[in-house]
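# A look at the structure
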Amino acid sequence: MSQTIAPVLGEATIQELREAVRGEVLTAQDDGHAEACKIWNGAHDDRRPALVVRCTGAADVIAAIGFARSNRLAVAVRGGGHSVAGFSTCDGGIVIDLSRMNSVRVDPENPTATVGGGAVWADVDHETQAHGLATTGGLVSSTGVAGFTLGGGIGWLMRNYGLACDNLLAADVVIADGRLVRASETENPELLWGLRGGGGNFGIVTQFELQLHAVGPMVYAGPIFYAADAARDLLHAFRTWAGNAPDEITGIVNLTTAPPLPVIPEEWHGKKVAALIAVSSGQLDEGDSLVSEFRTIAEPIADLLGPMPYTVIQSLIDPLWPKGIQSYFKATNLSGLDDELIDRLTALHLAAPGPQCEIHVHQMGGAVARVGEQATAFADRSMPFVLNAVTGWHDSAAGTAHRDWARAVIDAAGNASTGRAYVNFLGDTDAARSSYGDETYARLVALKDEYDPSNVFRLNQNIEPSTAGS
Ligand SMILES: Cc1cc2nc3c(=O)[nH]c(=O)nc-3n(C[C@H](O)[C@H](O)[C@H](O)COP(=O)(O)OP(=O)(O)OC[C@H]3O[C@@H](n4cnc5c(N)ncnc54)[C@H](O)[C@@H]3O)c2cc1C
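Since we're looking at a predicted model, the values are computed, not measured.

Here we come to the overall build of the protein chain. Counting secondary structure elements, the protein chain contains 15 helices and 19 strands. For 470 residues, the compact-globule estimate of 2.2 N^0.38 gives 23 Å, and the C-alpha radius of gyration of the protein chain, at 22 Å, lies within 12% of that figure. Along the three orthogonal principal directions, the C-alpha set of the protein chain runs to about 70 × 50 × 40 Å. Evaluated residue by residue, the protein chain yields a buried proportion of 58% over its 470 residues.

Below is the structure:
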């Protein structure tokens, strides 16, 4: 269980850190430490960092990194705390928690937002929608901007406006030696390249500058639910539709279990269902025509696809994925969705071990695919679909069955898997090299050698510096 600070750090040493920062420093002796150790994924609730530092600004981040280096502490960096693999907590080390640094400033004239390194998407959407603006954010609004954007960022606006990382214009970054540097097209451009998909490997981003676009306040969006026996027809229709749909709409098929929501007829609660969820940021009155084929494949259980506020679709599924649920994701990029794969996925859907076992098939393409393969560290862009097996459970004894099922879903992709995956959708901790591919990985290693040669930032999908171990 807990590794207390006593054997490692003296009280006088901790006191130096308390005096050096304006934020809170929590040790195992402080009230609130146990809660501060926890992240969104309850499967990591047993982790006990020696210290959690709740930073209030870049100066606190600099002090925390200096302290960690002097005392040889493992460093976990926390933005929104949604790391499925558990990277934003640790045992015995220090958590540098930016959650208080969640300010968002919008410039409506030159539509951009300046966003604190600990903001979550709900913070951004609230401020930007006041001006009818938005940028690609997460499907759950409590997800952090930082980890999401630095890993890539798959969201409803991506086919129109690119991944979140494609909208990253500049960043302020505290690097491993404690310097605050700027990454932009003109200052340290190679660092900006690495921050666009290379994750938290190169430093702690204290501020993001994001491109905004005219979106909402109303969009054409929402889910259509069908009985599970329509899943095959839905995936066949989705496969064809996905290749032809205009960029303003982004869709996903979710093979899942009907949640007990009032909008779904009660007799379906807890039963296996297939859903299409889509969001169009185009003209509201064109929405119906963009999805008409889905209205004929089967009688829907509930058809909630229509005009709704952008902030509503952005937070619609939040209650289904609360903090503390135990979770595991596994994913792969797909080169296609052949009939055999559709059959395997529909069979695995029926074999799911719990109600929060979801098979997501994301439609890709559009603006995501128009960015060059080497233009950002998010290298693999040609895939038409991303397959993500998402699981959640409450009883720890159910963990193995859920993880095994998610792995079976991804294994089922077989030859349709490109062998590459999006790092933010991986619940395992050692997948960086295969996710990025050799060319991008080598460029990331060169960047790591420059900015973090001793691998201070290693709790992530880690890019190992070439100097590691030497
Ligand atoms: C419920 C849920 C829904 C999700 N939905 C989506 C989705 O729709 N689309 C999608 O693409 N992904 C999604 N994800 C995955 C998500 O993108 C990643 O989990 C992401 O890492 C979360 O970012 P965070 O800041 O909340 O995470 P944290 O756990 O705080 O951080 C994760 C990692 O990011 C890095 N990091 C965090 N903050 C900073 C910082 N300020 N500077 C430098 N590095 C930092 C660190 O390496 C850290 O270990 C979802 C995850 C969950 C749990």
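Within the element layout of this structure, Thr 186 appears in the loop between strand E9 (180-183) and helix H7 (189-195). Looking at Thr 186, the relative accessible area reads 71%, which means it is exposed. For Thr 186 and Ala 406, which are 220 residues apart along the polypeptide, the C-alpha to C-alpha distance reads 42 Å.

A few words now on the sheet that holds strand E8 (residues 168-174). With respect to topology, 5 strands assemble into an open sheet ordered E5-E6-E10-E8-E9, the strand pairing being antiparallel. In this open sheet, the two strands that pair with only one neighbour each are strand E5 (104-107) and E9. Recorded for the sheet is a direction-independent mean angle of 15 degrees between the axes of neighbouring strands. As paired strands, E8 and strand E10 (residues 204-211) are joined by 6 bridges and run antiparallel to one another. For Ala 171, the partnering residue across the bridge sits in E10 and is Phe 208.

Moving on: the site of the ligand. Taken together, 34 residues lie near the ligand, and Gly 79, Gly 81, Ser 88, Ile 154 and Tyr 422 sit nearest. Between an oxygen atom of the ligand and a main-chain N or O atom of Gly 79, the distance comes to 2.6 Å. Here an oxygen atom of the ligand sits 2.6 Å away from a polar atom, N or O, in the side chain of Tyr 422. Considering the ligand on its own, with 950 Å² of exposed area, one finds that the protein chains cover 96% of that surface.

Turning to its location among the elements, Gly 155 is positioned in the loop between helix H5 (145-151) and helix H6 (158-161). For the pair Gly 155 and Phe 202, spaced 47 residues apart in sequence, the C-alpha to C-alpha distance is 24 Å. For Gly 155, the residues in contact, after removing those within four places along its chain, are Thr 136, Gly 137, Leu 139 and Thr 250.

Counting residues in each nonpolar core, the largest one holds 44 residues, and the members touching the most others are Phe 294, Leu 337, Leu 345, Leu 387 and Val 409. Element by element, the count of residues in this core is highest for helix H8 (residues 231-244), at 7 residues. Ignoring any residue separated from it by four or fewer positions in sequence, one finds Leu 337 in contact with Leu 235, Arg 239, Ile 342, Leu 345, Val 361 and Phe 385.

Let us look at the confidence of the model for the protein chain. Considering every residue of the protein chain, the mean pLDDT works out to 96; 98% of them sit at 70 or more. A low-confidence stretch, residues 1-7 stays under pLDDT 50, and its non-local contacts, those more than four residues away or across chains, total 11 contacts.

Right, let's get into the packing of helix H1 (residues 11-20) against helix H3 (residues 58-70). The N-to-C vectors of H1 and H3 enclose an angle of 160 degrees; their axes lie 9 Å apart at closest approach. Put simply, H1 runs roughly antiparallel to H3. For the element pair H1 and H3, the recorded crossing hand is right-handed. Here H1 contributes Thr 13, Leu 17 and Ala 20 to the contact with H3, which in turn contributes Asp 60, Ala 63, Ala 64 and Phe 67. Grouping the amino acids of the contact of H1 with H3 by side-chain chemistry returns 5 nonpolar, 1 polar and 1 charged.

What follows concerns H8. The terminal C-alpha atoms of H8, which comprises 14 residues, lie 20 Å apart, in line with the 20 Å expected from a rise of 1.5 Å per residue. For H8, every residue scored as buried is listed here: Ala 231, Leu 234, Leu 235, Ala 237, Phe 238, Trp 241 and Ala 242.

This next bit is on the pattern of salt bridges. Evaluated as defined, the whole model comprises 21 salt bridges. A salt bridge links Arg 370 to Asp 247; the nearest nitrogen and oxygen atoms lie 2.8 Å apart. Here Asp 247 lies in the loop between H8 and strand E13 (249-257) and Arg 370 lies in helix H12 (residues 367-370), a separation of 123 residues in the sequence. Under the relative-accessibility criterion, Arg 370 is labelled exposed at 56%. Taking the shortest distance from any N to any O, the salt bridge between Lys 448 and Asp 452 comes out at 2.8 Å. In this pair, the class of Lys 448 matches that of Asp 452, namely buried. Ionic contacts of the salt-bridge type, sharing partners, join the residues Glu 24, Arg 54, Arg 78, Asp 97 and Arg 100 into one network.

What follows covers the packing of aromatic side chains. Scanning all chains against the criterion turns up 7 aromatic pairs. Every member of this aromatic cluster is reached through a ring pair, and the members are Phe 238, Trp 241, Phe 294 and Phe 385.

Omega for the bond connecting Gly 216 with Pro 217 falls within 30 degrees of zero, at 10 degrees, which places this linkage in the cis form. Its location among the elements puts Pro 217 in the loop between strand E11 (213-214) and strand E12 (218-227). Even without being a glycine, Asn 188 presents a positive backbone phi close to 50 degrees. In this structure, Asn 188 sits in the loop between E9 and H7.

Once that is clear, we can look at the pairing of E9. Here E9 shows a clear split, with Val 181 and Ala 183 buried on one side and none of Leu 180 and Arg 182 buried on the other. With 4 bridges joining them, E8 and E9 adopt antiparallel strand pairing. Among the inter-strand pairings, Val 174 is bridged to a residue of E9, identified as Leu 180. Hairpin geometry of E8 and E9 is characterised by an intervening segment of 5 residues between the two adjacent antiparallel strands and by a positive phi of about 95 degrees at Gly 178.

The rules behind each value
- Residues numbered from 1 in each chain as written.
- Predicted model: local features only at pLDDT ≥ 70, side-chain atom pairs only at ≥ 80, totals over all residues.
- Heavy atoms only, no water.
- Helix = DSSP H or I, 4+ residues; strand = E, 2+ residues; numbered from the N terminus.
- Rg over C-alpha atoms; globule rule 2.2 N^0.38 Å.
- Buried < 20%, exposed > 50% of the residue type's maximum accessible area, 1.4 Å probe, protein only.
- Pairing = 2+ DSSP bridges.
- Axes fitted to C-alpha atoms, helices over the stretch in contact; angles between N-to-C directions.
- Near = heavy atom within 4 Å.
- Polar contact = N/O pair within 3.5 Å; in protein donor to acceptor, adjacent residues only side chain to side chain.
- Areas by Shrake-Rupley, 256 points an atom, 1.4 Å probe, with all protein chains shown as cover.
- Contact = heavy atoms within 4.5 Å.
- Core = buried A, V, L, I, M, F, W, Y, C linked by side-chain atoms within 4.5 Å.
- pLDDT = per-residue confidence, 0-100.
- Parallel < 35°, antiparallel > 145°, perpendicular 65-115°, else oblique.
- Left-handed = near helix turned anticlockwise from the far one by under 90°.
- Nonpolar A, V, L, I, M, F, W, Y, C, P; charged D, E, K, R; others polar.
- Expected span 1.5 Å × (residues − 1).
- Salt bridge = Lys/Arg side-chain N within 4 Å of Asp/Glu carboxyl O.
- Phe/Tyr/Trp six-rings, centres within 6.5 Å; stacked < 30°, edge-to-face > 60°.

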